[in-house]
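What the coordinates show
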Amino acid sequence: MKSYQVFFPLLLFTLILSCNTTEKPTPKPEENATESASYYTGEPLKVAVIGLTNTHVHWILGREKWGDIEIVGIVEPNQDLAEQYSKQHGYAMDLVYDSMEALYEKVKPQAVTAFNDIYGHLEVVEFFAPKGVHIMVEKPLAVSWEHAQKMGELAKEHNVQLLTNYETSWYGSNKKAFDLVNRESKIGPIQRMVFHHGHPGPIEIGCNPEFLEWLTDPVLNGAGALTDFGCYGANLATWFLSGQVPERVTAITRNYKPEKYPKVDDDATIVLDYPDKQIIIQASWNWSHNRKDMEVYGTTGYVFCKNGNDIEVLEDEKAGFYALKAEPLEMGIHDPFAYLNQVVNHNLKVKPYAVHSLENNLLVMQILEASKHSAEIGETVIWDDFFKP
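In this report, we go over the structure that sits alongside the text. (Residues numbered from 1 in each chain as written. Predicted model: local features only at pLDDT ≥ 70, side-chain atom pairs only at ≥ 80, totals over all residues. Heavy atoms only, no water.)

1. Quick word on the side chain of N165
- One can find N165 in strand β6 (residues 162–165).
- When neighbours within four sequence positions are excluded, N165 is seen to be in contact with W59, M136, V137, E138, K139, W170 and P336. (Helix = DSSP H or I, 4+ residues; strand = E, 2+ residues; numbered from the N terminus. Contact = heavy atoms within 4.5 Å.)

Set out below in structure tokens:
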């Protein structure tokens with residue numbers, strides 16, 4: 001497989017613009033690639049897109065010409081929104097159905113990708129898992145631990161893949177950091193990880209009304225910034241720590257902008273305490289800029305992932321730090337839909353506690369559930385007491 005340097009800059013640009021879709025078209029991958037976009041020569045994965053209200057959907061709508069997937073249907077009851085995106089991305093409106101039932105009567109996808117509100121993820125799994133259709137949902141997995149358990153049970157019962165997509169899963173920097181820390185032992189055992197995820201706020205960056213309607217609703221999204229951005233650090237930490245469970249969870253949520261976000265938190269700090277390490281997750285709609293960065297501290301040094309490409313490493317304080325530029329992920333596993341195709345069509349094994357895996361994301365949902373409870377009661381949550389068998 002080949003790797004192209006284009007993917008992270010393109011992805012970042014696409015997702016930043018995706019909250020203001022009426023004026024700024026999403027760039028096509030093939031317009032920026034250094035080689036032909038047609039890297040894939042096999043049969044494309046037949047995919048249906050469920051929902052258009054999560055604006056991360058521009059990721060899949062704007063990249064189909066890679067040849068590894070074929071969108072065979074779209075479910076979106078909001079016809080105005082479907083027509084708007086049809087004009088932007090060029091898909092035919094006869095692909096659009098107003099319900100999952102209507103779609104499945106006409107087409108039989110191999111997999112579906114859920115870009116609806118987070119509360120609706122359970123409904124997608126309930127409908128498609130019994131039909132043997134594989135599922136990828138946009139982060140986080142579910143709106144609550146209760147929903148997540150039901151989804152996991154359905155996926156296992158019907159032997160289908162249930163994957164969760166995060167933008168950060170496709171950062172070359174995170175993969176390189178994982179290797180430096182866990183495979184090359186460049187900084188010694190992990191003692192602390194610090195995550196900064198978020199942006200100035202969904203209203204501030206121009207998210208459309210259809211997205212804001214559920215993103216700022218505590219029922220449909222589960223919380224505010226805590227859910228929206230707290231999941232990233234929980235996901236990455238679970239990957240780095242191979243599924244280790246914290247002993248204690250402490251969370252503080254704030255609402256600094258109640259006039260804009262009256263129903264949900266717009267800032268969350270989550271502290272996960274383990275026997276020999278601590279994880280700090282800072283998730284916010286109050287950052288001065290868009291950011292998704294990570295700091296990993298070991299006993300002898302650190303690895304900082306500044307963005308999807310740039311890394312700073314300190315192995316020895318006397319020698320000082322050095323900078324690295326991460327390689328992009330291999331073609332074929334370079335983005336969520338290429339990866340989904342490899343899993344479904346080519347039997348690529350999903351590793352336990354990998355960022356996309358069900359095991360990882362069930363644990364993410366437990367972390368978020370404990371965090372919400374901690375913030376509500378104003379106390380630290382003891383893991384074993386909160387999640388009694």
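2. Brief notes about the packing of helix α5 (residues 121–128) against helix α6 (residues 145–157)
- Contact pair α5 / α6: the axes reach a minimum separation of 10 Å and the direction vectors enclose 20 degrees. Relative to α6, the element α5 lies roughly parallel. In this structure, the crossing between α5 and α6 has a hand that is left-handed. Along the contact surface, α5 presents H121, L122, V125 and E126, while α6 presents H147, K150, M151 and L154.
- When grouped by side-chain class, the residues that make up the contact of α5 with α6 number four nonpolar, two polar and two charged. (Axes fitted to C-alpha atoms, helices over the stretch in contact; angles between N-to-C directions. Parallel < 35°, antiparallel > 145°, perpendicular 65-115°, else oblique. Left-handed = near helix turned anticlockwise from the far one by under 90°. Nonpolar A, V, L, I, M, F, W, Y, C, P; charged D, E, K, R; others polar.)

3. Overview of unusual backbone geometry
- The residue after K139, namely P140, is reached through a cis peptide bond having omega -15 degrees.
- A positive phi angle is found at S242, which is not glycine, with a value near 55 degrees.
- Tracing the sequence through the fold places S242 in the loop between α9 (225–240) and β8 (248–254).
- Here Y353, not a glycine, exhibits a phi torsion of approximately 65 degrees, which is positive.
- Along the polypeptide, Y353 turns up in the loop between α10 (336–346) and α11 (358–377).

4. Quick notes on the nonpolar core
- With 88 residues, the main nonpolar core has F128, L141 and F240 as its most contacted residues.
- Of all the elements, α9 adds the most residues to this core, at 10 residues.
- With sequence-adjacent residues up to four places away left out, F128 is seen in contact with I50, M100, L103, Y104, P109, V112, V133 and I135.
- Membership of the second largest hydrophobic core comes to 28 residues, among which are V47, L52, W170 and F337. (Core = buried A, V, L, I, M, F, W, Y, C linked by side-chain atoms within 4.5 Å. Buried < 20%, exposed > 50% of the residue type's maximum accessible area, 1.4 Å probe, protein only.)

5. Structural notes on the environment of V75
- Within the secondary structure layout, V75 lies in strand β2 (residues 69–75).
- A relative accessible area of 6% places V75 in the buried class.
- Counting along the chain gives 41 residues from V75 to N116, while the straight-line C-alpha distance between them is 9.4 Å.
- The residues contacting V75, other than those within four sequence positions of it, are V49, I50, G51, L52, Y97, D98, S99, M100 and L103.

6. Thoughts on the pairing of β6
- Side chains of β6 alternate between two faces, with L162 and T164 and L163 and N165 buried alike.
- Across four bridges, strand β5 (residues 134–138) lies against β6 in parallel orientation. Its bridge partner lying in β6, M136 is registered against L163.
- In this fold, β5 hands off to α6, which returns the chain to β6; that crossover is right-handed. (Pairing = 2+ DSSP bridges. Right-handed = clockwise from strand over helix to strand, strands pointing away.)

7. Here's the deal with the sheet that holds strand β14 (residues 322–325)
- A sheet is described by the order of its strands in space; here nine strands give the open sequence β14-β13-β12-β11-β7-β10-β9-β8-β15, paired in mixed fashion. Each having just a single partner strand, β14 and β15 (381–382) make up the two edges of the open sheet.
- Note that β8 and strand β9 (residues 267–273) share seven bridges and pair antiparallel. Each bridged residue has a counterpart across the sheet, and for I252 the counterpart in β9 is T269.
- The strands touched by helix α7 (residues 172–183) are β7 (190–198), β11 (291–298), β12 (302–305), β13 (310–314) and β14; relative to β12, the strand with the most contacts, the crossing angle is about 175 degrees.

8. Some details on the packing of aromatic side chains
- In the structure shown here, the tally under the stated rule is 20 aromatic pairs.
- Between the aromatic rings of W59 and F337, the centroid separation amounts to 6.0 Å while the plane-to-plane angle is 85 degrees, which identifies the pairing as edge-to-face. Taken together, the positions of W59 in helix α2 (residues 58–61) and F337 in helix α10 put the pair 278 residues apart, joining distant regions of the chain.
- With a centroid separation of 5.5 Å and 70 degrees between ring planes, the pair formed by Y297 and F304 is classed as edge-to-face. (Phe/Tyr/Trp six-rings, centres within 6.5 Å; stacked < 30°, edge-to-face > 60°.)

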